[in-house]
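Secondary and tertiary structure notes
As a plain string of letters, each chain reads:
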Amino acid sequence: MTLSQIRRRVNALKRKFAPELAILKLRHIAEAVADDWDLDEPLEPHDVIQRVAKAGFRLSTFMRLQHYLKDTQSQGEVPEPRRIVISLLPWASKDCYRGFFNRELPAPAR
């Protein structure tokens, strides 16, 4: 097998598992946000969106995330990682992706 064939296969797998990979990447970010959230000085929605954007996501749902974070802040609560991911990827609430929120997270790829 040549290097270009291996590359094509890897790229095909990335495309095939893109939804699952997106959920896992965003879940890592969401859990870090929840861990960093301080009820006395909560994170700014803009800072959270910057974290998501730096991870390579360009989403049309950033406003949904901003509203969720502001609502959470006004209620004096810590945001739930699952709700952060679902506010960014509404399709992630489908039953077929439920397991991605119930399992231990693998170590983030570097």
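Overview of the structure. (Residues numbered from 1 in each chain as written. Predicted model: local features only at pLDDT ≥ 70, side-chain atom pairs only at ≥ 80, totals over all residues. Heavy atoms only, no water.)

1. Comments concerning helix α4 (residues 62–74)
The condition that has to hold: Helical segments are the DSSP runs of H or I of at least four residues, strand segments are the runs of E of at least two, and each set is numbered from the N terminus. In this analysis, the expected span of each helix is defined as 1.5 Å times one less than the number of residues it contains. Only protein chains enter the accessibility calculation, which uses a 1.4 Å probe; a residue whose area is less than 20% of its type maximum is buried, one above 50% is exposed, and one in between is partly exposed. For this quantity, the arc is that covered by the directions from the helix axis to the C-beta atoms. Residues are treated as being in contact if the distance between any of their heavy atoms lies within 4.5 Å.
For α4, built from 13 residues, the straight-helix expectation of 18 Å at 1.5 Å per residue is met to within 8% by its first-to-last C-alpha distance of 18 Å. What α4 keeps buried is the set Phe-62, Leu-65, Tyr-68, Leu-69 and Thr-72. For α4, the arc enclosing every buried residue in end-on projection is 120°, short of the 170-degree limit, so these residues lie on one face. In the core, the buried residues of α4 are packed alongside α3 (45–54) and α5 (81–88).

2. A closer look at the packing of aromatic side chains
Aromatic ring pairs are defined here through the distance separating the ring centres and the angle between the ring planes. To keep it simple, the criterion reads: Ring geometry is summarised as follows: Phe, Tyr and Trp rings, the Trp one being its six-membered ring, pair when their centres sit within 6.5 Å, and such pairs are stacked at plane angles under 30 degrees, edge-to-face over 60 and tilted between the two.
For the coordinates displayed, the defined rule picks out one aromatic pair. Each ring, one from Trp-91 and one from Tyr-97, has its centre 5.4 Å from the other, and the planes form 65°; the classification is edge-to-face. In this structure Trp-91 comes out as partly exposed when scored by relative accessible area, which is 33%.

3. Notes on the pattern of salt bridges
Cut-off, in case you're wondering: The working definition used for a salt bridge is a side-chain nitrogen of Lys or Arg within 4 Å of a carboxyl oxygen of Asp or Glu.
The tally for this structure, following the rule as stated, stands at three salt bridges. Here Arg-27 and Glu-31 are joined by a salt bridge, their closest N and O atoms 3.0 Å apart. You can see Arg-27 and its partner Glu-31 sitting in helix α2 (residues 18–36), four residues apart, about one turn around the helix. Glu-31 sits in the partly exposed class, given a relative accessible area of 27%. Measuring nitrogen to oxygen at the nearest pair gives 2.8 Å for the salt bridge that ties Asp-36 to Arg-51. Taken together, the positions of Asp-36 in helix α2 and Arg-51 in helix α3 put the pair 15 residues apart, joining distant regions of the chain.

4. Let's talk about α3
What α3 keeps buried is the set Pro-45, Val-48, Ile-49, Val-52 and Ala-53. Each buried residue of α3 sits inside an arc of 140° when the element is viewed along its axis, so together they form one side. The exposed set on the far side of α3, more than 90 degrees from its buried face, consists of His-46 and Lys-54. Tucked into the core, α3 has its buried residues touching α2, α4 and α5. Of the residues flanking the end of α3, it is Gly-56, one or two places downstream, whose phi is positive at about 100°.

Nothing here speaks to function; it is all geometry.
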